[in-house]
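Now for the letters of each chain:
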Amino acid sequence: MIQLFEEESSNETTLSKGVKQLLCCYGAGVWVEAERVRGRDDSLYQDVNHCFTLAPLVSGRDVISLDANGFLDIEKCFRFLEVDEDKDECNNPAYFSRAAYKLAPTFKECEKYLSEKKVTDFCLQYEQNLKWTGKEQLFFDCYEMLTQRCESRDILALLLLCTGIEQSLRNVFVLENKQCPMLLKDILASKEVELYIGKAAVQILQILLGPPISMNLRNVAWHGFLCEGEISPRYNYFLLILMASLGPPLSSKSLVQHFTLSRHYFPLSKVDCIRNSLQDLPNDSLAKIKKNVKCSWVACARNRKLIQDVFDLHSEKKYGFSCVQGFPILEHALRRRFVKVNNCPHRLLTAEATTLYTTYEEILDCFLPNGQENKLISDLGEPFMDLLHDLLIYPSGPRARDRLGHGEADVYSTPPSLSFTIITCLCYLSVKGWTRTTLGQQIHPFKTLLPVLIGTSPIFTL
């Protein structure tokens, strides 16, 4: 076997053109005509920072969206959208393009307002109005990450924000004593949530976190499609202020008390069974393993800092943060391997609204949608695929990615066994991309990992 992937260019992306246009042009206030997008000129959004620093914004709107206390005037933002009440805008792709464009000045305003604040000042200003979420510390940590001015931490902040928002809205939904939908887009489409936070707030959240034809930040981030520097942090700033701005209508004593009593998390203790089936990594080799994993095919050229973060956060005993950063990287690596061995390169990109993402469920299935055998199973070996099913798919297993990704597990009590398992999976994948000769010459600490999973069997079953 030879090295699986050639070195990627620094401009490699897994965002499809339509998705990239929505996130990097319209959300930056840069309008791009459809004919130009269909052509070869990608220069407008190859450099995200360029798009987000263009001045003045094409929309030319100078109306202030924040009040004197730093909270969003949600109704005013809603009026900017000019929603046609007689149409079902949530099924209209053109609506989401226009909406992102019209909110672009507000995104920028929120970034400008928050980006120079100290963490302590942010906490003091917004703590009271974030209490309804029960996740004040999570939002504080997200803001602290944004102050680091680090592109990989911007992505981690977005991942964590999405989990916090989803679980907070889930708690709002259950006030109606009904079974809550599994997916964030369905929660946002519910009348139950609209009843408590208002139609304007729901409409704005749907633009950023709604259906596939929206900006769909949650799925783009959690399914591993983002590279470092590919998305602006101003969406994070906007979401932080928006969540705090929902505080007043939800912060009555009775509601906050109800939220506090109703919160519970799924434990991830079942991961320990998986961890115990794995071989220990030598303590003195972790740094070398980190270096070689982030330089292997597992990461694309612009994701290597993300890989480093997974290891560094594990070493800092921030196991939940390590896992939140690690799961999208693992999915991205598996997707790249999947499309390579099955010769379907078009499945590497983010899906447009008319097709489905290539996600774990399809990657780990025995068969492709066309009925052909999934060659990834023979490529990576059944024991490794069994481990992934145990970790991610089987209902009786921990379903760790789903639990963390949908805010159902507590990121602060995530066991070290989970981040260790993710690191082991990344190590194994990187090893599989090299010949044994190359492995022995260049990646000595990995040699013992090749047989680590051989002989294991599923722990959990369907």
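My aim in this report is to walk through the structure given alongside it, one point at a time. (Residues numbered from 1 in each chain as written. Predicted model: local features only at pLDDT ≥ 70, side-chain atom pairs only at ≥ 80, totals over all residues. Heavy atoms only, no water.)

**Concerning empty space enclosed by the protein**
The criterion, for reference: A cavity here means a set of 1 Å grid points, computed over protein atoms only, where a 1.4 Å probe fits but cannot escape. A pocket is an open set with protein on both sides within 12 Å along at least 5 of 7 lines, and lining residues have an atom within 4 Å of a point. Grid points are joined across faces, edges and corners, and a volume is the space filled by probe spheres set on the points. Helix and strand definitions here come from DSSP, where helices need a minimum of 4 consecutive H or I residues and strands a minimum of 2 consecutive E residues; each element is numbered from the N-terminal end.
Going through the model one piece at a time under the given rule, you end up with 2 cavities of 30 Å³ or more. In this model, the largest cavity occupies a volume close to 80 Å³. Lining the largest cavity, in full, are I155, L159, A221, G224, F225, L226, N303, L306, Q325, P328, I329 and H332. Among the secondary structure elements, those contributing two or more residues to the lining of the largest cavity are α9 (151-173) and α20 (319-341). Looking at the lining of the largest cavity element by element, the count peaks at 4 residues for α20.

**Observations regarding the pattern of salt bridges**
Heads up, the condition is: Criterion for a salt bridge: a side-chain nitrogen of Lys or Arg within 4 Å of a carboxyl oxygen of Asp or Glu. Any residue under 20% of the maximum accessible area for its type is buried, any over 50% is exposed, and the rest in between are partly exposed; the area is computed with a 1.4 Å probe on protein chains only.
Taken as a whole and assessed by the stated rule, the structure comprises 19 salt bridges. One salt bridge connects D309 with R153, and the closest N-O pair in it is separated by 3.2 Å. Highlighted residues: D309 in helix α19 (residues 304-315) and R153 in helix α9, separated in sequence by 156 residues. The two residues D309 and R153 agree in class, both being buried. The partner of D309 in a salt bridge is K305, with the nearest N and O atoms 2.6 Å apart. Here D309 and its partner K305 are both found in helix α19, 4 residues apart, which amounts to about one turn of the helix. For D309, a relative accessible area of 0% corresponds to the buried category. Sharing partners across several salt bridges, the network here consists of E331, R335, R399, R401 and D402.

**What about the packing of aromatic side chains?**
Two aromatic rings, taken as a pair, are described by how far apart their centres are and by the angle between their planes. The cut-off we apply is this: Stacked, tilted and edge-to-face pairs are distinguished by plane angle, under 30 degrees for stacked and over 60 for edge-to-face with tilted covering the rest, among Phe, Tyr and Trp rings (Trp via its six-membered ring) whose centres lie within 6.5 Å.
For the coordinates displayed, the defined rule picks out 10 aromatic pairs. With a centroid separation of 5.0 Å and 70° between ring planes, the pair formed by Y95 and F96 is classed as edge-to-face. The residues Y95 and F96 share a single accessibility class, namely buried. Taken together, a centroid distance of 4.9 Å and an interplanar angle of 80° make the contact between F107 and F238 edge-to-face. Here F107 is found in helix α6 (residues 93-114), whereas its partner F238 is found in helix α14 (residues 234-245), with 131 residues between them in sequence. Owing to a relative accessible area of 0%, F107 belongs among the buried residues under this scheme. Among the aromatic side chains, those forming a connected cluster through ring pairs are F71, F122, Y126, F140, Y143 and Y237.

Function cannot be read off these values alone, since they describe shape.
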